[in-house]
Structure formats: structure tokens, C-alpha cells
Amino acid sequence: MDGDELPEPYNARMHLGGKLSFRARLKDTDEDPGDRLVLGGKNPPSLLELCPDDGRPIEIEIGSGKGAFLVASTEARPETFVLGIEAAAGYAQHAAAKLHAAGRTNALLLVDNGKLYLEDRVPEASLTAVHVYFPDPWPKRRHSGRRFFTDEVTAVLARAIVDDGHVFVATDNAGYGGQVARVMGAALDFAFDEAERDRRIASGPGHAFSPTNFERKYIEEGRIIRRYAFRRLPRNGAPDPR
Ligand SMILES: C[S@@+](CC[C@H](N)C(=O)[O-])C[C@H]1O[C@@H](n2cnc3c(N)ncnc32)[C@H](O)[C@@H]1O
């Protein structure tokens, strides 16, 4: 990768819909991301350009961090392609290097703003799942607009996810958990799906809710983890009886 490909330090995409102050530069390290890292920059490639077009299920993970979920899921579910979108270039580089070292070709890391990417680079009804594990809670009231789960995100998710596809969320933050439940629970296009949540948890590592770095840390600290699954209701189905 030469220097011209690096995203600008202040990439405007990171600040749309709530300023995200992440370092845009890669780390000076020996870790080799191979071809598993894509720097989105100002004009990131679309989902169709990044993912295989062979009918396999495509999932997105928003905020992949150091890539624990991606590494586990690419091993457990080789038939699925997962695009991890991470705003912090150094984390994305680290996660991509782990995929590269493991020889995985069914996942990629993209440096971009996950919410914006879902909105402007993902075709309608193209994802079978969106995973969001331990999203930044932005605890200060004046920063609350930077959270991923704000009122407008439900329409963004509903457009991108196939009928009966899922959103999987985990958080240790009680206040943010309440916000996720309120925002997603009020969305007419989604329904809580506790049965699917429990089924995925029981499926073990590599499935939804596979332990991430933050989950391990929080469990060691004795924090309570809240996990949610929401099913995208069919577009032309009967109205939800709620
Ligand atoms: C608390 S960490 C959790 C990381 C990982 N999911 C885990 O559980 O270990 C939140 C991550 O989300 C990333 N992030 C925050 N907002 C984002 C956004 N809008 N798009 C993509 N990544 C985002 C941050 O850079 C950070 O790596």
C-alpha cells in the first residue's frame, strides 16, 4: 500500500451523522493485512464490489475492533461472507492481519463509518445479518448522537437486510441496552427474536454473540452482558400483530 491510498486524517465520512474521532492512519507494524484490508477513504467501494456474487449469505459486522468475531465466524461458517466495517484504521489493520494469517478468504475489513456505509453503499435486501457487538456507548449526553442505535438507524437497517434476516447486538451498558431495545422495539420492520438469540448463543463460537475482545474483558470485570436479536419482518407479509 503506498501513502496515496491512505484515507485523509479527517475523512468527512467519519463525521456524517455524528462525529467519530478515530485515527485514520495505519500503524507502523509488522502485521501484514495482505489483501484482507480495504481503506474506504472518501469514496469506498460498494458491497457488490467487495463481496462475492455467488449467492452465498453476506453479513456485516459494524465496529469489528480487533476482529475476534470475524476470525471465529470465518472458521465456523465458511459458507458465509462477512464484511467487517471498522472506523479505526489501526484496529482494522490488526483484524485483517489476523484473517490473512489464518488464510481466511471469506471476510474483509473495510475502514469506513458503518452507519453511512449501510446507507449509501449497500443495496436493498442484500444482507442476511448485521452484527453490532459492544458499540461505543458515548456516555456524555452531548455525544449521544454519535451512537449507532439512534432513531434513524432502524430504516437504514430495514432497507439493507433481507426478509427474516437479523440484527444481533450485545452491550454491557444498561442505558445503551435500553436504548437499543426502545429504538429497535419501536421499529415496525423488526421484531424481537429471543428464540433465534438463544439458538445462536447455543451454537457456540463463530455464530452470533461469539465472544469478542470487549466481551471477554467485561465478563472478567463481572459486568452483565445484554444480548438482543431482532428479525427483519417480511416486506410484503402480514402486519405484525403488536
Ligand atoms: C467498544 S469497541 C468494540 C469492538 C468489538 N466489537 C469488540 O466487541 O471487541 C467499538 C468499536 O466500534 C468502532 N466504531 C465505532 N463507531 C463506528 C462506526 N460508526 N463505524 C464503524 N466502526 C465504528 C470503534 O472504532 C471500536 O473499534
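Attention here is on the structure that accompanies the text. Keep in mind that this is a model prediction, so the values were computed, not measured. (Residues numbered from 1 in each chain as written. Predicted model: local features only at pLDDT ≥ 70, side-chain atom pairs only at ≥ 80, totals over all residues. Heavy atoms only, no water.)

### A closer look at the pairing of strand β8 (residues 226-232)
Consecutive residues of a regular strand have side chains that alternate between opposite faces of the sheet.
Line of reasoning, step 1. Of the pairings in the sheet, the one linking strand β6 (residues 161-171) to β8 comprises 6 bridges and is antiparallel in character. Pairing of V167 across the sheet is with F230, part of β8.
Line of reasoning, step 2. Strand direction decides the pairing type here: strand β7 (residues 190-192) and β8, joined by 3 bridges, are antiparallel. For A191, the partnering residue across the bridge sits in β8 and is R231. (Pairing = 2+ DSSP bridges. Helix = DSSP H or I, 4+ residues; strand = E, 2+ residues; numbered from the N terminus.)

### Describing unusual backbone geometry
Line of reasoning, step 1. Phi angles above zero are rare outside glycine, and F134 is one such case at about 55°.
Line of reasoning, step 2. Looking at where F134 falls in the secondary structure, it is placed in the loop between β5 (127-133) and α5 (153-160).
Line of reasoning, step 3. Since its relative accessible area comes to 9%, F134 is described here as buried.
Line of reasoning, step 4. Phi angles above zero are rare outside glycine, and D164 is one such case at about 70°.
Line of reasoning, step 5. For D164, the position within the fold is in strand β6.
Line of reasoning, step 6. For D164, a relative accessible area of 40% gives the class partly exposed. (Buried < 20%, exposed > 50% of the residue type's maximum accessible area, 1.4 Å probe, protein only.)

### Section: the pairing of β5
Line of reasoning, step 1. With 6 of 7 residues buried, β5 lies mostly within the body of the structure.
Line of reasoning, step 2. In the sheet, strand β2 (residues 58-62) pairs with β5 via 4 bridges, with the strands oriented parallel. Counterpart to I62 in the pairing with β5 is V132.
Line of reasoning, step 3. Bridge count between β5 and β6: 6 bridges; the pairing is parallel. Note that in β6 the partner of Y133 across the bridge is A170.
Line of reasoning, step 4. After leaving β5, the chain enters α5 and then returns to the sheet as β6, a path that is right-handed. (Right-handed = clockwise from strand over helix to strand, strands pointing away.)

### Some points on the site of the ligand
Line of reasoning, step 1. If you check the shell around the ligand, you find 19 residues, and the closest are G63, E86, G114, Y133 and T212.
Line of reasoning, step 2. One nitrogen or oxygen atom from the side chain of E86 is found 2.4 Å from an oxygen atom belonging to the ligand.
Line of reasoning, step 3. Backbone polar atom of F214 to an oxygen atom of the ligand: 3.0 Å apart, as the coordinates give it.
Line of reasoning, step 4. For the ligand, the accessible surface in isolation is 600 Å², of which the surrounding protein chains cover 92%.
Line of reasoning, step 5. Taken atom by atom, the bulk of the ligand overlaps the largest pocket.
Line of reasoning, step 6. Where the shell around the ligand is concerned, the elements lending two or more residues are β3 (81-86) and α8 (213-220).
Line of reasoning, step 7. When grouped by side-chain class, the residues that make up the shell around the ligand number 9 nonpolar, 7 polar and 3 charged. (Near = heavy atom within 4 Å. Polar contact = N/O pair within 3.5 Å; in protein donor to acceptor, adjacent residues only side chain to side chain. Areas by Shrake-Rupley, 256 points an atom, 1.4 Å probe, with all protein chains shown as cover. 1 Å grid on protein atoms, 1.4 Å probe; cavity = no way out; pocket = protein on both sides within 12 Å on 5 of 7 lines; lining within 4 Å. Sits in = over half its atoms within 2 Å of the grid points. Nonpolar A, V, L, I, M, F, W, Y, C, P; charged D, E, K, R; others polar.)

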